[in-house]
Amino acid sequence: MSRLKVGIVGLPNVGKSTLFNALTKAGAASSNYPFCTIDPNVGVVDVIDPRLSVLSKFSNSRKIVYATMEFVDIAGLVEGASKGEGLGNQFLAHIRETDAIIHVVRCFDSEEIIHVKGGIDPLKDVETINMELILADLQQAQNSFTKLEKQVKSNRDLQPTVDLLKKVVNHLDGGKAVRDLQLTVEERELLKPYPFLTDKRVLYVANVSEDDLPSMENGHVRRLREYAGSDNVIAICSKLEAEISELDPQDQPGFLESVGLQETGLNRLIHASFDMLGLITFLTTGEIETRAWTIHKGDTAAEAAGKIHTDIQKGFIRAEVVSYADIVAYQGRNGAKEAGKLRAEGRDYVVKDGDVMLFLHN
């Protein structure tokens, strides 16, 4: 699995670039003007996992390698983006290349920061962007349907795809996202070549002000949670995250405590993105390095081996597995082995998050 790519979208002036800068410390331009960001800024972020430093001490590892995610700061979309307004086509193409979407929604009032629509209404903002994505998908679905409808006369095998695209067109025409369409496993497979924007998973980031700390709750956030479901909304203060990202790592816990928080919003955002995409990590550890590897929930030991190297997957004999909890409880791999906590698993074993694995192969 290649590195996970998440697009950050939202109307202009909602705090996207401030959030991106804090995530990546990349210094992307952040101004009080629409279209400040034209080309997408890309930043690669470590998924900080405290388990790695614990394992590395037991193994005397020379280095630690975290799992990573790629964040793409996509310029502020506006109404009419699907028709090319405000460089819309360019922006939509950038979103199409991502695995999932983080939708930043302004949930604070401020006379100093202009709002592209003149007033704060999170649900209206969300619906503006959602409708632009739906309209862009509708255009794509109609074009694909028209093209295949001509080809089906000479190739009857295309009929199921034509029928499916017609179903998608009708659904989008009703103002609904592709992700909400009930599809069979076979239909899902047929839809893979068509990267519809509204088929991507979405996590809403409610950007709040420092006045809302530490609860990060206000009327705007509550309305957004009611609209999208609590599991799909994470409240963050982008301005605070930008301040935290400028501090030395050892000073961050004390600063967080002073504002009544236990961990950074960015940490919560990265882990929520991981969960949204159904990802877990398994761990490997030794003298050379301790490393986290990203796989999907439900992946087998053989598939996990292939993440390290295809040759390990091909020559797979077995995996020696110890849970992270047992390694800590018995002070290392050898202690866990002596306590009978090391298991030999075959290629079809379903890997669990935090499994510490060693692969034996030809």
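Residues numbered from 1 in each chain as written. Predicted model: local features only at pLDDT ≥ 70, side-chain atom pairs only at ≥ 80, totals over all residues. Heavy atoms only, no water.

Colleague: Looking at this structure, I do not really get the nonpolar core. What am I missing?
Modeller: It is characteristic of soluble globular proteins that their nonpolar side chains tend to be buried jointly. Among the nonpolar cores identified, the biggest contains 68 residues, and F71, L224 and L269 are the most heavily contacted of them. For this core, the leading source of residues is helix α10 (residues 265-276), giving six residues. For L269, the residues in contact, after removing those within four places along its chain, are L19, L23, I102, L203, V205, I234 and I236. Judged by nonpolar contacts, the second largest core, of 19 residues, contains V152, L158, L164 and L191. (Core = buried A, V, L, I, M, F, W, Y, C linked by side-chain atoms within 4.5 Å. Buried < 20%, exposed > 50% of the residue type's maximum accessible area, 1.4 Å probe, protein only. Helix = DSSP H or I, 4+ residues; strand = E, 2+ residues; numbered from the N terminus. Contact = heavy atoms within 4.5 Å.)

Colleague: I would appreciate a short explanation of the packing of helix α4 (residues 122-151) against helix α7 (residues 219-228) in the present structure.
Modeller: To characterise two packed helices, one gives the angle between the axes of the helices and the distance between these axes. Two elements in contact, α4 and α7, have axes whose closest approach is 9 Å; the angle formed by their N-to-C orientations is 45°. Here α4 is positioned oblique relative to α7, judged by the angle of their axes. Mapping the contact onto sequence places P122, L123, V126, E127 and N130 in α4 and H220, R223, L224 and Y227 in α7. The class makeup of the residues in the contact of α4 with α7 is five nonpolar, two polar and two charged. (Axes fitted to C-alpha atoms, helices over the stretch in contact; angles between N-to-C directions. Parallel < 35°, antiparallel > 145°, perpendicular 65-115°, else oblique. Nonpolar A, V, L, I, M, F, W, Y, C, P; charged D, E, K, R; others polar.)

Colleague: When you look at unusual backbone geometry in this model, what are you seeing that I'm missing?
Modeller: Backbone geometry follows two general trends: most residues other than glycine have a negative phi, and most peptide bonds adopt the trans configuration. Each neighbour pair has its own omega, and for L213 with P214 the value is -5°, a cis peptide bond. Relative to the elements of secondary structure, P214 occurs in the loop between β6 (201-207) and α7. One non-glycine residue with positive phi stands out, namely N13, at about 65°. Looking at where N13 falls in the secondary structure, it is placed in the loop between β1 (4-9) and α1 (16-24). Exposure remark for N13: the relative accessible area of 13% places this residue in the buried category. The backbone of Q331 sits at a positive phi, close to 55°, despite the residue not being glycine. Inspection of the secondary structure assignment puts Q331 in the loop between α13 (324-329) and α14 (333-338).

Colleague: Help me out: how do you make sense of the environment of S273 in this one?
Modeller: Mapped onto the fold, S273 is located in helix α10. In sequence terms S273 and I101 are 172 residues apart; their C-alpha atoms lie 8.9 Å from each other. Excluding residues that lie within four positions of it along the chain, S273 makes contacts with M69, I102 and L203. Within the structure, the side chain of S273 is placed 2.8 Å from the backbone oxygen of L269, a separation counted as a polar contact. (Polar contact = N/O pair within 3.5 Å; in protein donor to acceptor, adjacent residues only side chain to side chain.)

Colleague: I tried to follow the confidence of the model for the chain on my own but got confused; where do I start?
Modeller: Interpreting fine coordinate detail is not advised for predicted regions of low pLDDT. Summary statistics for the chain give a mean pLDDT of 88 and a share of 89% for residues scoring 70 or more. Confidence over residues 26-38 falls short of pLDDT 50; this stretch has 35 contacts with residues more than four positions distant or in other chains. (pLDDT = per-residue confidence, 0-100.)

Colleague: What should I look at first to understand the sheet that holds strand β4 (residues 67-73) in this one?
Modeller: Sheet strands line up and pair through hydrogen bonds in the backbone, either parallel or antiparallel. Pairing is mixed in the open sheet, where six strands are placed in the order β2-β4-β1-β5-β6-β7. Every other strand in the sheet has two partners, leaving β2 (41-47) and β7 (233-236) as the edge strands with one partner each. Adjacent strand axes in the sheet meet at a mean angle of 25°, parallel and antiparallel pairs treated alike. Bridge count for β1 against strand β5 (residues 100-106) is four bridges, and the pairing is parallel. Each residue of the ladder has a partner; that of G7, found in β5, is I101. Strand contacts of α4: β5 and β6, with the helix running at about 145° to β5, the strand carrying the most contacts. (Pairing = 2+ DSSP bridges.)

Colleague: Where do I start with the packing of aromatic side chains in this structure?
Modeller: When we look at a pair of aromatic rings, we describe it by the centre distance and by the angle of the planes. Counted according to the given criterion, the structure contains five aromatic pairs. Both rings, one in F282 and one in W293, keep their centres 6.3 Å apart while their planes meet at 15°; by these two values the pair is stacked. Of this pair, F282 sits in strand β8 (residues 279-285) while W293 sits in strand β9 (residues 289-296); the two residues are 11 residues apart in sequence, bridging distant segments of the chain. Exposure remark for W293: the relative accessible area of 12% places this residue in the buried category. Aromatic pair F282 and F359: ring centres 6.0 Å apart, planes at 85°, arrangement edge-to-face. Here the residue F282 occupies a position in strand β8, and F359 occupies one in strand β12 (residues 355-361), the gap between them amounting to 77 residues. Residue F282 shares its accessibility class with F359, and that shared class is buried. Aromatic rings pair up to connect F282, W293, F316 and F359 into one cluster. (Phe/Tyr/Trp six-rings, centres within 6.5 Å; stacked < 30°, edge-to-face > 60°.)

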